[in-house]
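A look at the structure
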Amino acid sequence: MRKALLAFVTGLVCSAGAWGQTQAVNAQLSGTVTDPGKAAVPGAQVTLANPATGFRRTFTTGDSGQYTITLIPPGRYELTVEKQGFTTGRMSNVVLEVGQSSTLDLQLQVGEVSQTVEVESAAPVLATGSADVGSEVSTKQALELPLNIRNVFGLVSLDSSVNNSQQFQALNPPGSQGNVDQDIAFFNFGGGRFGSTVFLFDGHWDGAGDWDGIIYVPSVDELQEFKIQTNTFSPQYGWGMGNVVNAITKTGTRDFHGSAFEFLRNDAFDANNFFNNLEGLSRPGFHRNQFGLTAGGPVYIPGIYKQRDKTFIFGTYEGLRQQTPTTLLTTVPTELQRAGNFSQTRNEDGSLATIYNPFSTRLVNGQYVRDPFANNTIPASMLDPVALKLMAYYPHSNVPGNQFTGANNFAGTAGLPTDSDQYTIKVDHNISDTQHMFVRWSQKRQFKQLAGAFFGADNPGGNGTLAPDNRWDAGMGFTDAFSPTFVMVANFGWGRWVEGRAPQGVPFNPSTVGLPQELDTFGGPGAFPAVNISGENPLGSGVLNATPREACSSSAVTLRAAPAAPVSDAATTVGAAFFIGSVRRYATRLRTCASVSAPAGGIAVPGTPSRTARARLSSARLTCHAKVPISGGSLDRLRAYGPSPAPVGPWHCAQYAK
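Worth saying up front: this structure is predicted, and the values here are computed from it rather than measured.

**Quick look at the overall build of the protein chain**
In terms of helices and strands, the protein chain carries eight helices and 29 strands. Residue burial in the protein chain is summarised as follows: out of 658 residues, 49% are buried. A sequence separation of at least 24 residues applies to 70% of the contacts in the protein chain between residues at least 6 apart. About 30,500 Å² of surface is accessible on the protein chain, with carbon and sulfur atoms providing 57% of the total.

**As for the layout of surface pockets**
The computed volume of the second largest pocket comes to approximately 710 Å³. Along the walls of the second largest pocket sit 31 residues, with Gln337, Phe342, Ile378, Met391 and Ile533 positioned nearest its centre. Among the elements of the structure, α5 (335-338) and α6 (385-391) are those that each provide at least two residues to the lining of the second largest pocket. Here the residues of the lining of the second largest pocket sort into 20 nonpolar, seven polar and four charged.

**Details of the pairing of strand β2 (residues 45-50)**
Within β2, five of the six residues are buried, which leaves it mostly tucked inside the rest of the structure. In this sheet, strand β3 (residues 55-60) lies alongside β2 in antiparallel orientation, the contact comprising six bridges. The residue bridging valine 46 from the neighbouring strand is phenylalanine 59, located in β3. Between the end of β2 and the start of β3, which pair antiparallel, lie four residues, with glycine 54 showing a positive phi angle near 75 degrees. Taken together, the five bridges between β2 and strand β5 (residues 75-82) define a ladder with antiparallel strand orientation. Looking at β5, one finds that glutamine 45 is bridged to glutamate 82.

**Topic: the nonpolar core**
Core analysis: the largest hydrophobic core is formed by 23 residues, its most contacted members being Phe153, Val156, Phe187, Phe189, Ile214, Phe226 and Val245. The dominant element in this core, judged by the number of residues it contributes, is strand β15 (residues 223-231), at three residues. Those residues in contact with isoleucine 214, other than ones at most four positions away along the chain, are Phe153, Gln182, Ile184, Ala185, Phe199, Asp206, Arg471 and Trp497. Judged by nonpolar contacts, the second largest core, of 22 residues, contains Ala44, Leu96, Leu104 and Leu108.

**As for the packing of aromatic side chains**
Evaluated as defined, the whole model comprises 13 aromatic pairs. Pairing tyrosine 393 with phenylalanine 508 gives two aromatic rings, centres 6.0 Å apart and planes at 90 degrees, and the pair type is edge-to-face. Remark: phenylalanine 508 occurs in the loop between β25 (486-503) and β26 (545-561) and tyrosine 393 occurs in the loop between α6 and β22 (410-430); sequence separation between them is 115 residues. We classify phenylalanine 508 as buried; its relative accessible area is 10%.

**Some words on the side chain of threonine 424**
Positionally, threonine 424 belongs in strand β22. Polar side-chain contacts of threonine 424 include one of 3.3 Å to the side chain of tyrosine 216.

**Points about empty space enclosed by the protein**
Applying the stated criterion across every chain, the model contains four cavities of 30 Å³ or more. The space that makes up the largest cavity amounts to roughly 220 Å³. In this structure, the largest cavity is lined by 21 residues; those nearest its centre are Ile149, Asp181, Gln290, Lys444 and Gln446. Contributing elements (two or more residues each) for the lining of the largest cavity: β18 (287-298), β19 (311-330), β22 and β23 (435-451). Its residues assigned to classes, the lining of the largest cavity comprises six nonpolar, nine polar and six charged.

**Considering unusual backbone geometry**
The omega torsion of the bond from valine 506 to proline 507 falls at 0 degrees, within 30 degrees of zero and hence cis. As for its position among the elements, proline 507 is in the loop between β25 and β26. We note that aspartate 212 has phi near 75 degrees; this positive angle belongs to a residue other than glycine. Examined against the element boundaries, aspartate 212 turns out to sit in the loop between β14 (204-205) and β15. One non-glycine residue, asparagine 376, lies in the positive phi region at around 55 degrees. Relative to the assigned elements, asparagine 376 resides in the loop between β21 (367-369) and α6. A residue is classified by how much of its surface remains accessible, and asparagine 376, at 4% relative accessible area, is buried.

**Some points on the pattern of salt bridges**
Applying the stated criterion to the full structure yields 15 salt bridges. A salt bridge links aspartate 473 to arginine 440; the shortest N-O distance between them is 2.7 Å. In this pair, aspartate 473 is assigned in strand β24 (residues 465-483) and arginine 440 in strand β23, connecting sequence segments 33 residues apart. Classification of aspartate 473 by relative accessible area gives buried; the value is 0%. Between arginine 549 and glutamate 499 there is a salt bridge, and its shortest N-O distance comes to 3.0 Å. Remark: glutamate 499 occurs in strand β25 and arginine 549 occurs in strand β26; sequence separation between them is 50 residues. The exposure class assigned to arginine 549 is buried, which follows from its relative accessible area of 6%. Residue classification places glutamate 499 among the buried positions, given a relative accessible area of 16%. Salt bridges here are not isolated pairs; linked through shared partners, they connect Arg150, Asp221 and Glu318.

**Details of the side chain of aspartate 473**
A distance of 3.0 Å separates the side chain of aspartate 473 from the side chain of histidine 204, its partner in a polar contact. Within the structure, aspartate 473 has its side chain in polar contact with the side chain of arginine 440 (distance 2.7 Å). Ignoring anything within four residues of it in the chain, the contact list for aspartate 473 reads Phe201, His204, Asp206, Tyr216, Arg440, Trp441, Ser442, Trp494 and Gly495.

**Re the pairing of strand β4 (residues 66-72)**
Looking along a regular strand, one sees the side chains alternate between the two faces of the sheet. For β4, the buried fraction is high: seven of the seven residues fall into the buried class. In the sheet, strand β1 (residues 27-34) pairs with β4 via five bridges, with the strands oriented antiparallel. When the bridges of β4 are listed, serine 30 appears paired with threonine 68.

**Points about the confidence of the model for the protein chain**
Looking at the protein chain as a whole, its pLDDT mean stands at 76, while 73% of the residues score no less than 70. Across residues 4-20 the pLDDT falls below 50, and counting only partners more than four positions away or on other chains, this stretch makes 43 contacts in the model.

**A look at the environment of arginine 445**
Mapped onto the elements of the fold, arginine 445 is located in strand β23. Accessibility expressed as a relative area gives 35% for arginine 445, which makes it partly exposed. For the pair arginine 445 and glycine 319, spaced 126 residues apart in sequence, the C-alpha separation works out to 9.4 Å. Beyond its immediate sequence surroundings of up to four residues, arginine 445 is in contact with Arg321, Asp419, Ser420, Asp421 and Asn470. A polar contact of 2.7 Å, which involves the side chain of arginine 445, links it to the side chain of aspartate 421.

**Side note on the environment of glycine 406**
Relative to the helices and strands, glycine 406 is located in the loop between α6 and β22. Among residues more than four places away in sequence, those in contact with glycine 406 are Thr331 and Gly401.

About the cut-offs
Residues numbered from 1 in each chain as written. Predicted model: local features only at pLDDT ≥ 70, side-chain atom pairs only at ≥ 80, totals over all residues. Heavy atoms only, no water. Helix = DSSP H or I, 4+ residues; strand = E, 2+ residues; numbered from the N terminus. Buried < 20%, exposed > 50% of the residue type's maximum accessible area, 1.4 Å probe, protein only. Contact = heavy atoms within 4.5 Å. Areas by Shrake-Rupley, 256 points an atom, 1.4 Å probe, with all protein chains shown as cover. 1 Å grid on protein atoms, 1.4 Å probe; cavity = no way out; pocket = protein on both sides within 12 Å on 5 of 7 lines; lining within 4 Å. Points joined across faces, edges and corners; volume = space filled by probe spheres on them. Nonpolar A, V, L, I, M, F, W, Y, C, P; charged D, E, K, R; others polar. Pairing = 2+ DSSP bridges. Core = buried A, V, L, I, M, F, W, Y, C linked by side-chain atoms within 4.5 Å. Phe/Tyr/Trp six-rings, centres within 6.5 Å; stacked < 30°, edge-to-face > 60°. Polar contact = N/O pair within 3.5 Å; in protein donor to acceptor, adjacent residues only side chain to side chain. Salt bridge = Lys/Arg side-chain N within 4 Å of Asp/Glu carboxyl O. pLDDT = per-residue confidence, 0-100.

In structure tokens form, the structure reads like this:
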């Protein structure tokens, strides 16, 4: 099985050197083992282990005394070095962070192997293995720093080069409240352009293809850490223009751990706002409950599966129940205006707002003129029956309004509820000392009330709008250290985000107010028609719609390290390949994901795949040996859709295989 797997992956790799995306979520540790005279110690056995997760990797130093251990899951490790004639050296508390390439040298003392020199606490390991520049956000920071709405990506602003204030003001649509998951994605780094950020989650793509909104945001308690990569990155960060947010989730350990939390706010100690007091309105209710729990440990079944170092499980749940008060002061038709009587409707200066008969329009002396209605009142026979039926959906005025114009004669309060339920289940399994795999499933059900039902929840003509914002994400990975110098990792990820609008005026049959019956099913379930009258609050809240977005990516990377090579060259990429399927199958799947990225009701234009598809294609072209035909064409036709603009022209994988 193992040989067949190796043969399968090797058969797909390109000879062109390139780091795979899966390397971005792992760490690398290199160093040199020396004796007291600072001479190299060849043949020393270097072991890196994490007792909490059962991880263990060994390496034998070459003639230069150097070692390199690649594809290490981020975490806290213990490094042990053994060599006949020397005491055993052990360094604990070695912290390796996501995407970190570090160097740690050790000096052995002459003595017996049974003797151990142990360093209980080490200084932070320096990331000297690459020129990458970035900053890390740890679990401790995420849990303890003040964090609005508990969105972990809000901590990206800890990096001094990051801001998102201008993008929020310029790009968010009307009605956005700035605290749904995707709205926090309006970042730019160091003055760079918005939309050039790469969001990685457990090694796979986590950004929407249309405008780079975040598909899935891990909860605070499921996040292990994330790295903010701002510039000068290595080739494994090949999908962006200078910005990478690289997040990974926690895993279970050999000991059981759990937690529970709740954050509570309500209106018990809130004062009424100024405008409510001014209009004599009562204090609206406000409630916010954010609660959840975590649990993790070994999969231990007494009498059936008794172990603490093989299989681990970790799960989280977080819920939000929030009711935000809001007040509306607007203008609705008066009782006289509903009957066509505008005798009391005046301009701001107190003069009568004259109403003219449009059917009396005529040309006099080269100018069009119209006659005013008698008594500024429209005859009942001229009132449109559709308009009369629509008028019934306006609420009646409840405050005096302006003494001349009658403006702002309606005041109302409503709640803007926000609910969400989010959970994650992750299973890690150590198949052997050299093989490890994980599987994770995450889901979030979220909705927000974008506009309040000020006219009543049962009034289809009201402006209330619910915004479902549901998300799903799956990830899996497999790592195999075939030998101390030859390792492989395969990774797969899939994310889906469906953003929608559910107006309170859906379903509604427009034919009930006299409009054509064809509108009852036009574009889906019927919706209350949009009615706009100058100076009045509009009726209707739009149509039902949903915008699905999807990203999927898979990759496999094999790395070979030469024990005697210099540290800077110790890790050499042998190639990158897809772990499942052929290039033809994967390229077809890219087109499928690209079409899903189009908004519902819109048109996916042929030949213009989404940014998500272009990003995945940049990985696809690393895997081919030659020009590969796919459904509808060949990969050379898709060259123009790579991450950088390029003219359409012939392109062959052979160019990358030289």
